[in-house]
Amino acid sequence: MTTPDSRGGSYNFAYLDEQSKRMIRRAILKAVALPGYQVPFGGREMPMPHGWGTGGIQVTASIIGRDDVLKVIDQGADDTTNAVSIRNFFLRTTGVATTERTADASIIQTRHRMPERKLQEGQIMVFQVPIPEPLRWLEPRESETRTMHALAEYGIMHVRLYEDIARLGRIATAYDYPVQVNGRYLMRPSPIPKFDNPKLDRNPALLLFGAGREKRIYAVPPYTDVKSLDFEDHPFEVQSWDHTCALCGADDSFLDEIVTDDKGGRMFVCSDTDYCAERRTADGANAEAAE
Amino acid sequence: MSADLPLLRVSQVSHFYGDRAGCRDVSFDLWPGEIIGIVGESGSGKTTLLNCLSARLQPSHGRVIYRDRSEVMRDIYALGEAERRFLTRTDWGFVHQNPRDGLRLGVTAGANIGERLMAVGTRHYGNIRDTARDWLGRVEIDAARIDDLPPAFSGGMQQRLQIARNLVTAPRLVFMDEPTGGLDVSVQARLLDLLRDLVTRLKLSVVLVTHDLAVVRLLAHRLMVMQRGRVVEEGLTDQVLDDPHHPYTQLLVSSVLQA
Amino acid sequence: MYVAVKGGEKAIAGAHRLLAEERRGDPAVPEISLDQIEQQLSFAVDRVMSEGSLYDPELAALAIKQARGDLVEAVFLLRAYRTTLPRFADSLPIDTADMAVRRRVSAIFKDLPGGQMLGPTFDYTLRLLDFSLMAEGKPADIEVPMSASDPMPADAPAQMPRVTDLLVADGILAAETDDGERPADITRIPLSFPADRATRLQALARGDEGFLLGLGYSTQRGYGRSHPFAGEIRMGDVAVELQPEELPFPIEIGDIELTECQMVNQYKGDAENPPQFTRGYGLAFGQGERKAMAMALVDRALRAEELGEVATSPAQDAEFVLSHCDNLEASGFVQHLKLPHYVDFQAELSTLRALRAAHAKRAEAAE
């Protein structure tokens with residue numbers, strides 16, 4: 001199964017050789033069996049730099065088949081440079097169908113967001129993970145963090161949250177907000193805003209996380225409990241805005257701030273471009289129907 | 001029945017660094033509420049022994065048996081790592097000579113005290129704060145400083161904070177390595193008073209390592225004198241200090257008296 | 001009779017001859033020209049200029065040619081030359097707000113005045129060897145560059161406000177102000193500690209890219225974390241101006257190409273200061289984006305003390321970082337181990353033998 005390269009050479013379907021894909025799929029299976037546990041895997045060099053999504057790309061490359069429909073987003077949008085670049089990579093190496101519609105995708109690779117639309121059973125979401133280790137900021141040594149995971153020694157994570165409240169009156173972590181999966185492993189959900197954290201809990205889709213540089217894969221299987229850490233008297237809460245989307249009027253989506261001039265002008269729009277476009281199309285249709 | 005058993009039973013503990021003995025053939029029992037002092041010059045092996053007793057350094061020979069809360073005598077080096085770590089952060093305390101080794105310098109005083117509580121599952125911020133404030137008071141630190149970082153504290157305050165951080169989970173056994181070392185004399189006196197008060201009130205058992213005979217005189221019930229890795233004399237503190245038998249102890253006591 | 005080896009002079013002359021031969025390589029292959037290096041190995045030229053602290057693409061190309069592509073050696077050559085140059089005047093501080101921008105990206109706002117401009121970047125290229133480049137003379141197909149927003153608009157604004165200026169205007173980023181003090185020149189006055197920020201930045205600007213990259217990376221992995229965002233990276237030409245004493249206005253003496261990176265970092269505030277963002281700053285000659293970004297991370301890490309953070313990691317230790325970031329010093333001292341140490345070693349040798357003899361005697365006695 002090869003795809004001719006533009007220079008007459010040939011790359012395997014989805015770039016990786018089948019051996020590597022099988023190795024990665026074994027890691028994925030283990031990750032699914034141990035929700036939230038970071039499975040080390042023999043990460044490969046990919047033709048894009050580490051930190052740009054090589055983990056997610058390797059996961060996607062290992063699971064993608066000819067019948068899949070792929071959606072790639074970065075910051076929630078299909079048209080950001082990195083998303084375009086990754087989508088083109090898979091177009092070129094697999095030829096599979098791509099889409100911008102969340103509902104139509106069988107695999108969604110993402111960086112930093114989850115779509116606003118609810119995912120369905122059978123869909124797979126692949127997250128690009130820069131730093132997989134939730135304890136990293138408290139303990140830089142891998143040998144120590146692995147022991148802490150093994151012993152479920154997670155109290156120090158609450159020390160960090162305690163410090164936020166003591167100094168700022170609230171938990172200040174706004175993205176990559178730590179969660180506990182299935183009552184066991186502490187996990188970083190990748191740098192999604194904490195706004196998206198509730199979507200992780202009991203999600204019908206399979207959520208896969210790939211960290212290429214750090215060579216770790218982890219997973220949240222469908223319908224798994226995912227709890228954002230908090231205190232009883234300072235419960236977890238998500239961001240909210242005083243604005244609605246300037247384009248579609250949504251009041252329930254994550255909004256990007258856009259600087260419109262150098263005199264303090266700002267505009268807020270949905271970060272999820274598909275969601276925004278769908279709402280605008282529906283509005284247009286409604287308006288037409290009303291006429 | 002439990003009163004018949006010691007809290008800690010140390011039998012024939014030796015530790016070698018290559019062919020040099022750090023400590024050799026040390027045995028003793030420590031009873032609930034008892035404070036045992038280990039004195040000697042630097043290099044006498046007292047810190048090696050302390051590390052062997054506190055599960056920080058596996059001895060080359062011998063056993064260290066601890067009576068846990070369910071009254072079972074456990075060899076601490078036969079425990080699984082999970083059990084051992086749980087023990088060391090709940091049932092035990094360790095006070096370092098340099099408070100910087102025992103504190104998290106990057107988090108506030110309140111978090112330093114609260115860490116052990118959170119480690120054992122306390123998840124109510126307000127309760128953690130209240131406990132931390134209470135403990136600051138007990139170690140004579142103004143509760144208003146709960147949100148200050150340890151580096152903003154004086155040496156004496158840092159040491160008291162370290163003590164509070166250790167005692168917050170009501171441990172039964174505390175190891176102390178030169179707890180008053182590096183402090184001014186006046187600060188030392190205050191800390192000693194506080195320590196004596198706390199260990200009495202909390203009925204703590206303590207293994208106290210120091211080179212300072214004044215410290216053991218004030219705190220320890222019993223005393224072991226170490227020289228070149230061996231215990232050369234032991235007994236009730238007053239007895240040993242007032243009527244030393246071993247020439248080395250005599251030398252230690254006289255040098256203090258002269259000083 | 002054995003005569004100990006002498007004749008160092010002859011050996012050195014021989015080595016120089018061999019080096020010259022190696023540099024030229026196969027005489028059947030045309031010699032590389034400085035123009036070719038300057039035009040086609042421009043990243044190498046830029047790096048040598050930055051770490052050599054001398055903006056002169058031609059001389060940097062010469063250094064690279066002479067050093068056979070060993071960039072640290074080329075930096076050495078350029079620095080050794082630089083130190084011989086007389087100084088006529090100091091230029092005025094450059095203003096990167098006036099940069100003729102060819103690349104400008106912000107990772108913190110999707111869109112902003114002036115837009116995002118990808119420019120000539122390796123980003124978003126697939127790292128696949130382009131075998132068409134193996135064929136000489138035939139230029140590879142130039143792919144149409146992808147861009148987040150429109151390609152560079154024809155009516156690009158003369159001034160592109162710096163993202164950091166916008167954030168400062170909003171009061172959420174700490175302003176950086178000129179205290180009017182003349183920065184010390186580390187090429188004239190040796191480093192001493194504590195070093196102020198201007199001094200640190202100078203040292204970092206000359207510092208080895210690889211070393212700073214590793215240090216910057218370490219802050220991202222938990223050794224001195226500072227929550228960085230790439231507030232803005234801009235690359236382009238900036239005018240250099242002189243203010244002659246006899247003239248009432250400054251005169252422009254030329255343009256230099258620069259890459260500037262301003263990292264925006266979290267800061268929790270303290271009793272006096274409300275929480276706000278702070279920044280790390282990086283600047284490199286030419287297209288030195290990796291260097292500028294690493295420098296900005298390390299600059300911010302080195303501000304730990306000033307911002308009341310507990311410094312526990314290598315990247316936060318100014319003395320450690322600044323004392324070891326210069327590749328001339330590092331390369332020289334590491335490689336000095338090749339120099340003869342016959343005498344010292346001989347001394348060690350006799351001590352060791354004595355110790356071993358004593359050890360053997362003790363072991364015997366014990367048995």
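Residues numbered from 1 in each chain as written. Chains lettered and ligands numbered in written order. Predicted model: local features only at pLDDT ≥ 70, side-chain atom pairs only at ≥ 80, totals over all residues. Heavy atoms only, no water.

> Got a sec to walk through the overall build of chain A? Specific residues and values, please.
Each helix and strand in chain A was counted, giving seven helices and 14 strands. Against the 2.2 N^0.38 benchmark of 19 Å for 291 residues, chain A shows a C-alpha radius of gyration of 20 Å, consistent with a compact globule. Projected onto its principal axes, the C-alpha coordinates of chain A cover approximately 65 × 60 × 40 Å. A burial count over chain A gives 57% of its 291 residues as buried. Expressed as a percentage of contacts within chain A between residues at least 6 apart in sequence, the contacts between residues at least 24 apart total 61%. Summing over all exposed atoms, chain A offers an accessible surface of approximately 11800 Å²; the carbon and sulfur share of this is 49%. Distance from the positive charge centre (35 side chains) to the negative charge centre (42 side chains) of chain A: 7 Å. (Helix = DSSP H or I, 4+ residues; strand = E, 2+ residues; numbered from the N terminus. Rg over C-alpha atoms; globule rule 2.2 N^0.38 Å. Buried < 20%, exposed > 50% of the residue type's maximum accessible area, 1.4 Å probe, protein only. Contact = heavy atoms within 4.5 Å. Areas by Shrake-Rupley, 256 points an atom, 1.4 Å probe, with all protein chains shown as cover. Lys, Arg positive; Asp, Glu negative; His and termini not counted. Charge placed at Lys NZ, Arg CZ, Asp CG, Glu CD.)

> Describe the overall build of chain C, with residues and values.
Scanning chain C from N- to C-terminus turns up 12 helices and four strands. Dimensions along the principal axes, computed over C-alpha positions, put chain C at roughly 85 × 65 × 55 Å. Within chain C, the proportion of its 367 residues that are buried is 35%. Residue pairs in contact within chain C that sit at least 24 positions apart in sequence constitute 65% of those at least 6 positions apart. Element-wise, carbon and sulfur atoms account for 58% of the exposed surface of chain C, whose accessible area totals about 22500 Å². The positive charge centre, built from 37 side chains, and the negative charge centre, built from 58, are 8 Å apart in chain C.

> Go over the pattern of salt bridges with me, naming the residues and quoting the values.
Tallied over the full model, the rule gives 71 salt bridges over all chains. Among the salt bridges present, the one from Glu214(A) reaches Arg213(A), with a minimum N-O distance of 2.9 Å. For Glu214(A), a relative accessible area of 13% puts it in the buried group. The partly exposed category is assigned to Arg213(A), whose relative accessible area is 22%. Residues Arg172(B) and Asp91(B) are paired through a salt bridge, measuring 3.5 Å at the closest nitrogen-oxygen approach. (Salt bridge = Lys/Arg side-chain N within 4 Å of Asp/Glu carboxyl O.)

> Which residues make up the confidence of the model for chain A, and what values do they have?
Model confidence for chain A is summarised by a mean pLDDT of 91, while 95% of its residues fall at 70 or above. Counted against residues more than four places away or in other chains, residues 1-8 of chain A, with its pLDDT under 50, gives 23 contacts. (pLDDT = per-residue confidence, 0-100.)

> Account for the confidence of the model for chain C, with residues named and values stated.
Counting all residues, the mean pLDDT for chain C is 88, and 92% of those residues have values of 70 or more. Both confidence scores are given for the complex: pTM 0.79, ipTM 0.86.

> Tell me what's going on with unusual backbone geometry, and back it up with residues and numbers.
That bond from Phe193(C) to Pro194(C) is cis: its omega, 0°, falls within 30 degrees of zero. Here Pro194(C) shows up in the loop between helix H6 (163-169) and helix H7 (197-206). In this structure, Ala14(A) takes a positive phi of about 65° despite not being glycine. Positive phi values are uncommon outside glycine, yet Ala170(B) reaches one of about 50°.

> Give a description of the pairing of strand E2 (residues 20-30) of chain B that names residues and reports values.
Looking at chain direction, strand E1 (residues 8-17) of chain B and E2(B) are connected through seven bridges and run antiparallel. What sits directly across from Tyr17(B), in E2(B), is Arg20(B). (Pairing = 2+ DSSP bridges.)

> I'd like a rundown of empty space enclosed by the protein, residues and numbers included.
Counted according to the given criterion, the structure contains two cavities of 30 Å³ or more. Within this model, the largest cavity holds a volume of roughly 60 Å³. Lining the largest cavity we find Met48(A), Pro49(A), Trp52(A), Asn82(A), Ser85(A), Ile86(A), Tyr124(C), Thr125(C) and Arg127(C). By volume, the second largest cavity is sized at about 40 Å³. Residue lining of the second largest cavity: Ile35(B), Met176(B), Leu195(B), Val199(B), Val206(B), Leu208(B) and Leu219(B), and that is the complete set. Those elements giving two or more residues to the lining of the second largest cavity turn out to be helix H7 (185-202) and strand E8 (205-210) of chain B. (1 Å grid on protein atoms, 1.4 Å probe; cavity = no way out; pocket = protein on both sides within 12 Å on 5 of 7 lines; lining within 4 Å. Points joined across faces, edges and corners; volume = space filled by probe spheres on them.)

> Tell me what's going on with the sheet that holds strand E9 (residues 185-187) of chain A, and back it up with residues and numbers.
Residues and elements named next belong to chain A. What the three strands build is an open sheet, ordered E9-E8-E12; its pairing is antiparallel. The two strands at the open ends of the sheet, each matched to only one other strand, are E9 and strand E12 (226-228). Taken pair by pair, the neighbouring strands of this sheet meet at an average axis angle of 30°, ignoring direction. Pairing analysis gives three bridges linking strand E8 (residues 179-181) to E9, with the strands arranged antiparallel. The residue of E9 that forms the bridge with Val 181 is Tyr 185. (Axes fitted to C-alpha atoms, helices over the stretch in contact; angles between N-to-C directions.)

> Just give me the short version of the interface of chain C and chain A, but keep the residues and values in it.
On the chain A side, the residues contacting the 32 residues of chain C number 38 residues. Between chain C and chain A lies a buried interface of about 3100 Å² when both sides are counted; carbon and sulfur atoms form 60% of it. Note that Asp79(A) is salt-bridged to Lys110(C), the shortest N-O span being 4.0 Å. Inspection of the chain C/chain A interface yields six residue pairs in polar contact (both at pLDDT 80 or more). (Buried area = accessible area lost by both parts, 1.4 Å probe. Polar contact = N/O pair within 3.5 Å; in protein donor to acceptor, adjacent residues only side chain to side chain.)

> Residue-level account of the nonpolar core, with values.
Judged by nonpolar contacts, the single largest core of 100 residues is most densely connected at Phe89(A), Tyr162(A), Ile217(A), Phe231(A), Ile113(B), Trp135(B) and Leu161(B). Considering each element in turn, this core owes the most residues, seven residues, to helix H5 (residues 155-168) of chain A. In this structure, Leu161(B) is in contact with Leu103(B), Ala109(B), Ile113(B), Leu136(B), Ile141(B), Pro150(B) and Phe153(B), ignoring residues within four places of it in sequence. In this structure, Val26(B), Val64(B), Phe175(B) and Met224(B) belong to the second largest nonpolar core, which totals 29 residues. (Core = buried A, V, L, I, M, F, W, Y, C linked by side-chain atoms within 4.5 Å.)

> Which residues make up the packing of aromatic side chains, and what values do they have?
Tallied over the full model, the rule gives 18 aromatic pairs over all chains. Taking the centre distance of 4.8 Å and the plane angle of 70° together, the rings of Tyr177(A) and Phe236(A) count as edge-to-face. Of this pair, Tyr177(A) sits in the loop between H5 and E8 while Phe236(A) sits in the loop between E12 and strand E13 (255-259); the two residues are 59 residues apart in sequence, bridging distant segments of the chain. Exposure remark for Tyr177(A): the relative accessible area of 1% places this residue in the buried category. Here Phe236(A) falls in the partly exposed class, since its relative accessible area comes to 21%. With centroids separated by 5.6 Å and ring planes inclined at 65°, the aromatic side chains of Phe195(A) and Phe254(A) adopt a geometry described as edge-to-face. Highlighted residues: Phe195(A) in the loop between E9 and helix H6 (197-200) and Phe254(A) in the loop between E12 and E13, separated in sequence by 59 residues. The residues Phe195(A) and Phe254(A) share a single accessibility class, namely buried. Here a set of aromatic residues connected by ring pairs shows up, and it is made of Tyr66(B), Trp92(B), Phe94(B) and Phe175(B). Across from the ring centre of Tyr185(A), 4.2 Å away, lies the NZ or CZ of Arg184(A), which sits over that ring. Between Arg56(B) and the ring centre of Phe94(B), over which it is positioned, the NZ or CZ distance is 3.9 Å. (Phe/Tyr/Trp six-rings, centres within 6.5 Å; stacked < 30°, edge-to-face > 60°. Lys NZ or Arg CZ within 6 Å of the ring centre and 35° of its normal.)

> Describe the domain arrangement of chain A, with residues and values.
Residues and elements named next belong to chain A. Each assigned domain of chain A is listed here: domain 1 (4-228) and domain 2 (240-291). Of the residues lining the interface, 15 residues belong to domain 1; the matching set on domain 2 comes to 11 residues. For the pair domain 1 and domain 2, the summed buried area comes to about 970 Å², and 47% of that belongs to carbon and sulfur atoms. Of all residues in domain 1, Glu 116, Arg 117 and Phe 195 bury the most surface against domain 2, accounting for 43% of the area lost on that side. Between the two partners, domain 1 and domain 2, sit two salt bridges. We note a salt bridge from Arg 117 to Glu 278, for which the minimum N-O separation is 3.0 Å. At the surface where domain 1 touches domain 2, the tally comes to eight residue pairs in polar contact (both at pLDDT 80 or more). (Domains from an automatic or database assignment.)

> An account of the sheet that holds E2(B) is requested, with residue identities and associated values reported.
All names here are of chain B. Across the sheet, which stays open at both edges, the four strands sit in the order E2-E1-E4-E5 with antiparallel pairing between neighbours. Of all the strands in the sheet, the pair left with one neighbour each is E2 and strand E5 (73-75). The mean inter-strand angle of the sheet, taken between neighbouring strand axes irrespective of direction, is 25°. By the bridge criterion, three bridges tie strand E4 (residues 61-67) to E5 in an arrangement that is antiparallel. Opposite Arg 67, over in E5, you have Met 73 as the bridge partner. Sheet strands touched by helix H1 (residues 46-53): E1, E2 and E4. Its angle to E1, the strand with the most contacts, is close to 125°.

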